[in-house]
Amino acid sequence: MNENEIRSRLTTKVLGQKVHIYETLDSTNTRAKMLALENAPEGTVVVAEEQTAGHGRFERLWCSEKGRNLTFSVILKPKLPRNRIGMLSIAAGLAVAKAITETTGRRAETKWPNDVLLNHKKVCGVLSESIIRDENIAAAVVGIGVNVNQLVFPQELTDSATSLLLETGRSLDRTQVFGNVLGQLEYWYNRINSGIFDEMLEEWHGLSMMMGKTITLDQQGKLITGVARRIAGDGGLILQSDGKEMKILSGDVTVIRD
Ligand code: BTN
């Protein structure tokens with residue numbers, strides 16, 4: 001991907017106005033956090049064709065074949081109170097799900113906290129990290145990995161990971177997907193930055209593969225089973241378990257019953 005191709009696909013006013021493109025980088029999130037600390041403008045995007053230390057939640061590795069997918073991070077300066085930071089991951093997941101549908105015509109699903117699924121398999125992961133100064137969010141980095149044209153995944157991921165190419169049979173223009181994701185992200189980001197959360201949560205719930213279902217939540221080995229009820233205003237998951245509602249802030253979800 002080069003800057004001219006990317007520029008021709010952008011419909012945004014702020015996101016992607018400055019793009020740093022790298023052939024190889026350790027992690028776009030790590031680079032974007034450094035740029036944010038150096039006061040890079042809001043909307044700056046770091047893109048890498050290949051990451052050597054791309055990571056997800058709980059320091060898990062993010063594996064992505066060079067030149068076939070999208071791995072990028074966006075620097076944001078949200079006007080959100082600190083306790084609303086989880087809304088950024090929700091906005092990013094929704095943005096990717098909608099952009100996939102826009103590009104492929106296929107219905108993508110959201111999965112709490114930060115995944116997007118196609119045909120029940122993970123096609124995108126989001127990792128949001130923030131820089132806190134004086135108890136406020138000075139900047140946030142939203143890292144997004146979308147499997148676009150990858151055909152083969154490591155054996156341990158073949159049942160759980162997929163790509164747009166594998167699901168649609170079509171090789172896609174990565175810059176088109178990128179432009180659509182940034183367009184969607186800017187829209188939802190502007191909504192939440194204006195304090196409007198309900199519309200986004202409603203859309204997210206509408207695309208969710210887990211609401212109203214019985215799920216098991218794995219919190220690094222501690223398992224909780226219950227019914228997924230809704231996403232709270234801070235991005236937490238409201239789970240009904242043993243007749244009580246509780247808010248969950250992190251963990252991995254497996255749907256066990258409809
Ligand atoms: C997850 O599934 O836990 C989140 C995965 C996030 C991966 C993306 S790829 C671009 C950005 N840079 C990283 O190191 N991670 C995110």
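If you're wondering where the values come from, they're calculated on a predicted model, not measured in any experiment.

Enquirer: Teacher, can you tell me more about the sheet that holds strand S11 (residues 244-248) here?
Expert: Two orientations exist for strands paired in a sheet by backbone hydrogen bonds: parallel and antiparallel. Taking strand neighbours across the sheet as the criterion, the five strands line up as S11-S10-S9-S8-S12 in an open arrangement whose pairing is antiparallel. On the outer flanks of this sheet lie S11 and strand S12 (252-257), each paired with one strand and no other. Taking the axes of each pair of neighbouring strands and ignoring which way they run, one obtains an average angle of 45° across the sheet. Inspection of the sheet shows strand S9 (residues 222-231) paired to strand S10 (residues 237-241) by four bridges, in the antiparallel sense. From the neighbouring strand, Val-227 faces S10, where its bridge partner is Gln-240.

Enquirer: Help me understand the side chain of Gln-184, please; the structure alone is not making it clear to me.
Expert: Its location among the elements puts Gln-184 in helix H5 (residues 174-193). Since its relative accessible area comes to 15%, Gln-184 is described here as buried. Beyond its immediate sequence surroundings of up to four residues, Gln-184 is in contact with Ala-95, Lys-98, Ala-99 and Glu-102.

Enquirer: For this particular structure, what's the right way to read the site of the ligand?
Expert: Lining the immediate surroundings of the ligand are 20 residues, of which Ser-27, Gln-51, His-55, Arg-57 and Lys-122 lie closest. In the model, a nitrogen atom of the ligand is placed 2.7 Å from a nitrogen or oxygen of the His-55 main chain. Protein contact buries 98% of the 410 Å² of open area that the ligand shows by itself. At the level of elements, helix H2 (28-37), strand S3 (70-76), strand S6 (121-133) and strand S7 (136-146) are the ones that each hand at least two residues to the shell around the ligand. By residue number, the principal contributor to the shell around the ligand is S6, which donates four residues. Per-class residue counts for the shell around the ligand are five nonpolar, 13 polar and two charged.

Enquirer: What am I meant to see in unusual backbone geometry here?
Expert: For the peptide bond that leads from Trp-112 to Pro-113, omega is 0°, which places it in the cis range. Position of Pro-113 relative to the elements: it lies in the loop between strand S4 (109-111) and strand S5 (115-118). The backbone of Asn-39 sits at a positive phi, close to 70°, despite the residue not being glycine. The phi angle at Gln-220 is positive, at roughly 50°, despite the residue not being glycine. Among the structural elements, Gln-220 can be located in the loop between strand S8 (214-219) and S9.

Enquirer: I would appreciate a short explanation of the pattern of salt bridges in the present structure.
Expert: All told, the structure shown has 15 salt bridges when counted by the stated rule. Its salt-bridge partner being Arg-60, residue Asp-252 comes within 2.5 Å of it at the nearest N-O pair. Of the two residues, Asp-252 sits in strand S12 while Arg-60 sits in the loop between strand S2 (45-51) and S3, which places them 192 residues apart along the sequence. Accessibility expressed as a relative area gives 39% for Arg-60, which makes it partly exposed. In this structure, Arg-191 engages Glu-199 in a salt bridge whose closest nitrogen and oxygen atoms are separated by 2.5 Å. By relative accessible area, which is 25% here, Glu-199 ends up partly exposed. Each of the salt bridges in this network shares a partner with another, and the network as a whole consists of Arg-57, Arg-60 and Asp-252.

Enquirer: Would you mind going over the domain arrangement of the protein chain with me for this structure?
Expert: The extent of an interface is frequently quoted as the accessible surface area lost upon association of the parts. Per the domain assignment, the segments of the protein chain are domain 1 (3-206) and domain 2 (214-255). The C-alpha centroid of domain 2 is placed 24 Å from the C-alpha centroid of domain 1. Contact with domain 1, which involves 14 residues of that partner, is made by 16 residues of domain 2. At the boundary of domain 1 with domain 2, total buried surface from both sides reaches about 1100 Å², with 57% on carbon and sulfur atoms. Interface area lost by domain 1 to domain 2 is led by Phe-58, Trp-112 and His-205, which between them contribute 51%. Inspection of the domain 1/domain 2 interface yields two salt bridges. For the pair domain 1 and domain 2, the number of links is seven residue pairs in polar contact (both at pLDDT 80 or more). Those elements that place two or more of their residues in the side of domain 1 that touches domain 2 are helix H3 (86-104) and helix H6 (198-207).

Conventions and cut-offs
Residues numbered from 1 in each chain as written. Predicted model: local features only at pLDDT ≥ 70, side-chain atom pairs only at ≥ 80, totals over all residues. Heavy atoms only, no water. Pairing = 2+ DSSP bridges. Helix = DSSP H or I, 4+ residues; strand = E, 2+ residues; numbered from the N terminus. Axes fitted to C-alpha atoms, helices over the stretch in contact; angles between N-to-C directions. Buried < 20%, exposed > 50% of the residue type's maximum accessible area, 1.4 Å probe, protein only. Contact = heavy atoms within 4.5 Å. Near = heavy atom within 4 Å. Polar contact = N/O pair within 3.5 Å; in protein donor to acceptor, adjacent residues only side chain to side chain. Areas by Shrake-Rupley, 256 points an atom, 1.4 Å probe, with all protein chains shown as cover. Nonpolar A, V, L, I, M, F, W, Y, C, P; charged D, E, K, R; others polar. Salt bridge = Lys/Arg side-chain N within 4 Å of Asp/Glu carboxyl O. Domains from an automatic or database assignment. Buried area = accessible area lost by both parts, 1.4 Å probe.

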